Amino acid sequence: MQVTPQQVANCLQVCKACLQACNECYAACLQNSDLNKYRDCLFIVRQSAEICMLAISALSLDSMFCSQICKLTAEICEVCAKICSQFEQDYCQACAHACYQCAAACREMVVH
């Protein structure tokens, strides 16, 4: 299966939106008085943001490792979405939604 330029463009756009949502969630969670409650969220949101940056770079460079990086990005974003969706705050819900979209777009980039 060959990946189309439209799929690459879509994945780039979705990864950028996910990166922004993760950063916004991270910054907002840090403002909470009970940081221990958000410990798992903070940890996975940072990892998700980092892997999104790597995916954006790989996609932009048309890296030979895009498929592997996007596979890992999908896995991390899926975990992040599950954790963030457990919190009722708007920024956590927005992050979960962006992560689910990112995971789906990245899965389309995986070449078997």
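These lines cover the structure that appears in this document, whether it is placed above or below. Residue numbers run consecutively from 1 along every chain, following the written order of its sequence. The model is predicted, so local features are restricted to residues of pLDDT at least 70 and side-chain atom pairs to those at 80 or more, both for listing and for counting; the totals for chains, interfaces and linings are taken over all residues. Only hydrogens and water are set aside when side-chain values are computed; all heavy atoms of the structure are taken into account.

A short note on helix H4 (residues 90-107)
Alright, step 1. The helix and strand labels rest on DSSP assignments: H or I over at least four residues marks a helix, E over at least two residues marks a strand, and numbering proceeds from the N terminus. Helix span, expected: 1.5 Å multiplied by one less than the number of residues in the helix. With 18 residues, H4 extends 26 Å between its outermost C-alpha atoms, agreeing within 8% with the 26 Å of an ideal straight helix rising 1.5 Å per residue.
Alright, step 2. Inspection of H4 places Cys92, Cys95, Ala96, Ala98, Cys99, Cys102, Ala103, Ala105 and Cys106 among the buried residues, and these make up the whole buried set.
Alright, step 3. Residue contacts are defined here by distance: any two heavy atoms, one from each residue, within 4.5 Å place the two residues in contact. Elements that come into contact with the buried residues of H4 comprise helix H1 (5-30), helix H2 (39-61) and helix H3 (66-84). Here's how the labels work: a residue is buried when its accessible area is under 20% of the maximum for its type, exposed when over 50%, partly exposed in between, all with a 1.4 Å probe on protein chains only.

Brief notes about the nonpolar core
Alright, step 1. The biggest cluster of nonpolar side chains holds 43 residues, and the ones touching the most others in it are Cys41, Val45 and Cys84.
Alright, step 2. When contributions to this core are tallied by element, the ones reaching two or more residues are H1, H2, H3 and H4.
Alright, step 3. With eleven residues, the top contributor of residues to this core is H2.
Alright, step 4. Ignoring sequence-local partners within four residues, the contact set of Val45 consists of Cys22, Cys25, Tyr26, Cys80, Cys84 and Cys95. Each nonpolar core is a collection of buried residues, namely Ala, Val, Leu, Ile, Met, Phe, Trp, Tyr and Cys, held together in the definition by side-chain atoms within 4.5 Å.

Re the environment of Tyr26
Alright, step 1. For Tyr26, the position within the fold is in helix H1.
Alright, step 2. Taking the relative accessible area as the measure of exposure, Tyr26 reaches 26% and is therefore partly exposed.
Alright, step 3. Each residue touching Tyr26, except ones within four places of it in the same chain, is listed here: Leu42, Val45 and Arg46.

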